[in-house]
Amino acid sequence: MAATCEPNQNPWLSHSVRIAGITREIPGVLTLDLEFEDSARAATWAFRPGQFTMLYVPGVGESAISISGDAADTGRIRQTIRDAGNVTHSLTGLPIGATIGLRGPFGSSWPVDECRGRDVILVAGGIGLAPLRPVIYHMLHHRQQYQELTLIVGARDPALLLYPGEFEHWRTQGLNIIPTVDHADESWRGGVGVVTTVLERLWLRSPAETMLMTCGPEVMMWYTMQTALGRGIPAGSLFLSMERNMNCAIALCGHCQFGPYFLCREGPVFRFEQLRSILRIDDL
Ligand SMILES: Cc1cc2nc3c(=O)[nH]c(=O)nc-3n(C[C@H](O)[C@H](O)[C@H](O)COP(=O)(O)OP(=O)(O)OC[C@H]3O[C@@H](n4cnc5c(N)ncnc54)[C@H](O)[C@@H]3O)c2cc1C
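Small disclaimer: the values here were computed from a predicted structure and weren't measured.

Asks: Where do I start with the overall build of the chain in this structure?
Replies: Assigned secondary structure in the chain consists of seven helices and 15 strands. For a compact globule of 284 residues, the expected C-alpha radius of gyration is about 19 Å, and the chain comes in at 18 Å, within 12% of that figure. The principal-axis extent of the C-alpha atoms belonging to the chain is close to 50 × 45 × 40 Å. The burial tally for the chain puts 52% of its 284 residues in the buried class. Taken as a whole, the chain presents about 12400 Å² of accessible surface, with 49% of it coming from carbon and sulfur.

Asks: Can you walk me through the environment of Gly236 in this structure?
Replies: Position of Gly236 relative to the elements: it lies in the loop between helix 6 (218-230) and strand 12 (238-241). Under the relative-accessibility criterion, Gly236 is labelled buried at 18%. Between the C-alpha atom of Gly236 and that of Glu273, which follows or precedes it by 37 residues, the distance is 6.2 Å. Apart from the residues lying within four places of it in its own chain, the contact partners of Gly236 are Glu114, Arg271 and Glu273.

Asks: Looking at this structure, I do not really get the pattern of salt bridges. What am I missing?
Replies: One side chain can pair with another of opposite charge once the charged atoms of both are near each other. The final tally for this structure, using the stated rule, is 12 salt bridges. For Arg76, the salt bridge identified is with Asp73, shortest N-O distance 2.7 Å. When the shortest N-O distance is used, the salt bridge between Asp113 and Arg116 registers 3.0 Å. One salt-bridge network, in which partners are shared between bridges, spans Asp33, Asp73, Arg76 and Arg78.

Asks: I keep staring at the environment of Leu252 and nothing clicks. Help me out?
Replies: In this fold, Leu252 is placed in the loop between strand 12 and strand 13 (257-258). What makes Leu252 exposed here is its relative accessible area of 62%. C-alpha separation for the pair Leu252 and Arg265, spaced 13 residues apart in sequence, amounts to 9.8 Å.

Asks: Is there a simple way to explain the site of the ligand in this structure?
Replies: Inspection of the region around the ligand gives 19 residues, with Ser63, Ala64, Arg82, Thr88 and Asn245 positioned closest. A distance of 3.4 Å is found between a nitrogen atom of the ligand and a side-chain nitrogen or oxygen belonging to Glu243. Within the backbone of Arg244, an N or O atom sits 3.0 Å from a nitrogen atom of the ligand. Relative to its unbound accessible area of 870 Å², the ligand is 69% covered by the protein chains. The site holding the ligand turns out to be the largest pocket. Mapped by element, the contributors of at least two residues to the shell around the ligand are strand 4 (61-66), strand 5 (77-82) and helix 2 (86-91). For the shell around the ligand, the leading source of residues is strand 4, giving four residues. When residues of the shell around the ligand are assigned to domains, at least three map to each of domain 1 (15-106) and domain 2 (119-283).

Asks: Quick question: what am I supposed to make of the domain arrangement of the chain here?
Replies: The figure often quoted for interface size is the accessible area lost as the parts come together. Domain assignment breaks the chain into domain 1 (15-106) and domain 2 (119-283). Just the C-alpha atoms count here: the centres of domain 1 and domain 2 sit 22 Å apart. For the pair domain 1 and domain 2, the interface holds zero salt bridges. On inspection of domain 1 and its partner domain 2, the count reaches four residue pairs in polar contact (both at pLDDT 80 or more). When contributions to the side of domain 1 that touches domain 2 are tallied by element, the ones reaching two or more residues are strand 1 (15-26), strand 2 (29-36), strand 3 (52-57), strand 4, strand 5 and strand 6 (99-106). No other element matches strand 5, which puts four residues into the side of domain 1 that touches domain 2. Grouping the amino acids of the side of domain 1 that touches domain 2 by side-chain chemistry returns 12 nonpolar, six polar and six charged.

Asks: Mind showing me how you'd approach the packing of aromatic side chains here?
Replies: In this description, a pair of aromatic rings is defined by centroid distance and the angle of the planes. The tally for this structure, following the rule as stated, stands at seven aromatic pairs. When the centroid spacing of 6.1 Å and the interplanar angle of 80° are considered together, the rings of Tyr137 and Trp170 count as edge-to-face. Placement of Tyr137 in helix 3 (residues 129-141) and of Trp170 in helix 4 (residues 167-172) is noted, with a sequence separation of 33 residues between them. Owing to a relative accessible area of 13%, Tyr137 belongs among the buried residues under this scheme. Classification of Trp170 by relative accessible area gives buried; the value is 1%. Members of the aromatic cluster, each reached through a chain of ring pairs, are Phe36, Trp45 and Phe47. Of note, Arg133 hangs over the ring of Tyr163, and the distance from its end group to the ring centre comes to 3.8 Å.

Conventions adopted
- Residues numbered from 1 in each chain as written.
- Predicted model: local features only at pLDDT ≥ 70, side-chain atom pairs only at ≥ 80, totals over all residues.
- Heavy atoms only, no water.
- Helix = DSSP H or I, 4+ residues; strand = E, 2+ residues; numbered from the N terminus.
- Rg over C-alpha atoms; globule rule 2.2 N^0.38 Å.
- Buried < 20%, exposed > 50% of the residue type's maximum accessible area, 1.4 Å probe, protein only.
- Areas by Shrake-Rupley, 256 points an atom, 1.4 Å probe, with all protein chains shown as cover.
- Contact = heavy atoms within 4.5 Å.
- Salt bridge = Lys/Arg side-chain N within 4 Å of Asp/Glu carboxyl O.
- Near = heavy atom within 4 Å.
- Polar contact = N/O pair within 3.5 Å; in protein donor to acceptor, adjacent residues only side chain to side chain.
- 1 Å grid on protein atoms, 1.4 Å probe; cavity = no way out; pocket = protein on both sides within 12 Å on 5 of 7 lines; lining within 4 Å.
- Sits in = over half its atoms within 2 Å of the grid points.
- Domains from an automatic or database assignment.
- Nonpolar A, V, L, I, M, F, W, Y, C, P; charged D, E, K, R; others polar.
- Phe/Tyr/Trp six-rings, centres within 6.5 Å; stacked < 30°, edge-to-face > 60°.
- Lys NZ or Arg CZ within 6 Å of the ring centre and 35° of its normal.

Structure below.
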């Protein structure tokens, strides 16, 4: 699963990409459609669900951003960005046609091959759905290879659910979607409560044959893991995606060191067993 960059790519080299499209998702969050200016680089571009790139705004800096698009869509790279600070603020303020730099893809990926023949539960909190969206695309393209597919997606309120415009299409393709919010409004017809409440009550065909992947705030992922273990899903079948401040993305600078791991190289996707003893709920 772990990888630093494609073997034939210089991981330091930032390639110029043009913003070909902008989708405003929820307040403070948008998705950029990026296209390589160099057609030779475009022709070799490939990524695995769960990987990330380093996006570079000249004169401002670089940020790690997950790839949120479809790996089968070879013409463009989609990345969903939350305006959190210097670099992400610049990235979310650029117009269509602007060019930025892109390095990567980097990091480990979600276990889509290991999930074949099993039931799969995805648990996303807020913008945590972005790194999981490529898994959804992949599994729906290969729907017959998987058993029950369920997405539990949580947000603070209905207006903060990411990608709701895709839900209906995903449902018709065979994804069971259970959205839940902390605070409902009068128009809301879904559940109210945290994602773990949904997971506690979810019908499981065979816990031993179920794989679960989660991305969101660390405290949410921690309780999701505890709930999944309580439901009988084996620890070895639980995966999560971690975030830390990241700088070089190739395991040299040490900024993203987490216990014995560099998040940029062994992560961001980990099997829960790898992190169980070092992910401390007291620190969350
Ligand atoms: C593997 C990986 C994938 C990511 N994917 C996405 C994504 O798909 N979309 C997205 O919007 N963001 C993503 N992030 C987070 C993103 O990299 C940071 O929000 C961004 O780098 C912050 O940089 P900035 O210059 O905008 O903010 P700064 O001005 O540097 O920081 C703003 C605040 O955010 C904190 N911060 C910076 N980086 C992180 C981080 N990685 N985790 C938590 N807090 C941080 C800082 O300490 C500071 O408090 C990802 C991070 C990693 C490591």
